[in-house]
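# Results of the structural survey
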Amino acid sequence: MSLPQHIVILTGAGVSAESGIDTFRSGANGGPSLWEQHRVEDVATPEAFVRDPDLVLRFYDMRRAAIQEKLPNAAHRALARLERAWPAKVPGGSVTLVTQNVDDLHRRAGSDNLIPMHGQHLSAWCTACDSRHAWTGPLIDRPPCPTCGTAALRPDIVWFGEVPYRMDDIHDAMARADLFVSIGTSGAVYPAAGFVRLAREIGAETLELNLDRSQGSAWFHDTRLGPATQIVPDWVDELLKTP
């Protein structure tokens, strides 16, 4: 088989679920998700932040604290290994990792060519001066912005109704892709859910790795089902061993 030169990988909540991070639809260990305890309209929209900023800040303070206690799993580590190994296996090759997740587990696993399209929990955005700062503590007490001193920091998260980050970079990567892989996504949230159609339009091979079939499964050339910590390392091993 012909090896792809440029690989674009999209990851969703399913890749971090086995690290104990809640997905939209289920909590860790099968418990209720945070999104079942709070309506999206109350914690994940700009209007919610205007209406009840304390509720929104407490919600994200809780999640920011929680992710710092989690660890990357075998799926995160396998993708980082693929990124490091691919340019040596395929001269001029690249792996671009686009994630919908707002945890930092891909980064901690060693992924560098990473685009967090929905923002990052461990970052705060100042709406007064438009600066961004690494942030691990709470925001509920309205700490001042390290750049301008204004108490205008908010979670650096793309809320519903806002435009995802770095869409131009994502489209540039997709335009070069020979292989598009979607891992642990529901296929329900746009614009990410439309990436597989874009990949098909440019002639790229497409692969879905997921616990269950997604809403977009029919668009993929191949779908492999199972826990991310099993099927992702298996796929990476298979790809790296292909002559």
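Keep in mind that what you see is a predicted model, and the values were worked out from it rather than measured. Each chain has its residues counted from 1, running along the sequence as written. Totals for whole chains, interfaces and linings use every residue, but because this is a predicted model, local features are given only for residues with pLDDT of at least 70 and side-chain atom pairs only at 80 or more, for both listing and counting. Values shown for side chains rest on all heavy atoms present in the structure; no hydrogens or waters enter the calculation.

## Considering helix 5 (residues 74–89)
This is how the line gets drawn: Only runs of H or I of at least four residues qualify as helices and only runs of E of at least two qualify as strands under DSSP, and these elements are numbered from the N terminus. Every helix has an expected span of 1.5 Å times one less than the residues it contains. The angle between axes fitted to the seven-residue stretch ending at a residue and the seven-residue stretch beginning at it gives the bend at that residue. Each residue is placed in one exposure class: buried if its accessible area under a 1.4 Å probe, protein chains only, is under 20% of its type's maximum, exposed if it is over 50%, and partly exposed if it falls in between. Pairs of residues are marked as contacts when any of their non-hydrogen atoms sit within 4.5 Å. Polar contact is defined as a pair of N or O atoms within 3.5 Å, subject to the rule that within protein one atom must be able to donate a hydrogen and the other to accept it, and that residues adjacent in sequence are counted only when both atoms are side-chain atoms.
With 16 residues, helix 5 extends 21 Å between its outermost C-alpha atoms, agreeing within 8% with the 22 Å of an ideal straight helix rising 1.5 Å per residue. The largest bend along helix 5 reaches roughly 25 degrees and is located at Glu83, with the proline Pro87 sitting one to four residues downstream. For helix 5, every residue scored as buried is listed here: Ala75, His76, Ala78, Leu79, Ala80, Leu82, Glu83 and Trp86. Along its buried surface, helix 5 packs onto strand 1 (6–11), strand 2 (94–99), helix 6 (105–109), strand 7 (179–183) and helix 9 (228–241). The backbone nitrogen of Ala75 has a side-chain oxygen 2.8 Å away, supplied by the residue at the start of helix 5, namely Asn73.

## Considering the sheet that holds strand 6 (residues 153–157)
Condition: In this scheme, strands are said to pair when DSSP sees at least two bridges between them. Axis geometry follows a simple rule: fit a line to the C-alpha atoms, using only the stretch in contact for helices, then measure angles between N-to-C directions, giving values from 0 to 180 degrees.
Overall, antiparallel pairing links the 3 strands, which are arranged 5-4-6 in an open sheet. The outermost strands of the open sheet, each flanked by one partner alone, are strand 5 (132–134) and strand 6. Strand-to-strand twist in this sheet, taken as the mean axis angle between neighbours without regard to direction, amounts to 40 degrees. By the bridge criterion, 3 bridges tie strand 4 (residues 119–126) to strand 5 in an arrangement that is antiparallel. Within the sheet, the bridge partner assigned to Ser123 lies in strand 5 and is Ala134. The strands touched by helix 4 (residues 53–67) within the sheet are strand 4 and strand 6, with strand 4 carrying the most contacts at an inclination of about 135 degrees.

## Focus on the side chain of Asn210
Topologically, Asn210 is positioned in strand 8 (residues 205–210). A distance of 3.3 Å separates the side chain of Asn210 from the backbone oxygen of Asp212, its partner in a polar contact. The residues contacting Asn210, other than those within four sequence positions of it, are Gly184, Thr185, Arg224, Leu225, Gly226 and Ile231.

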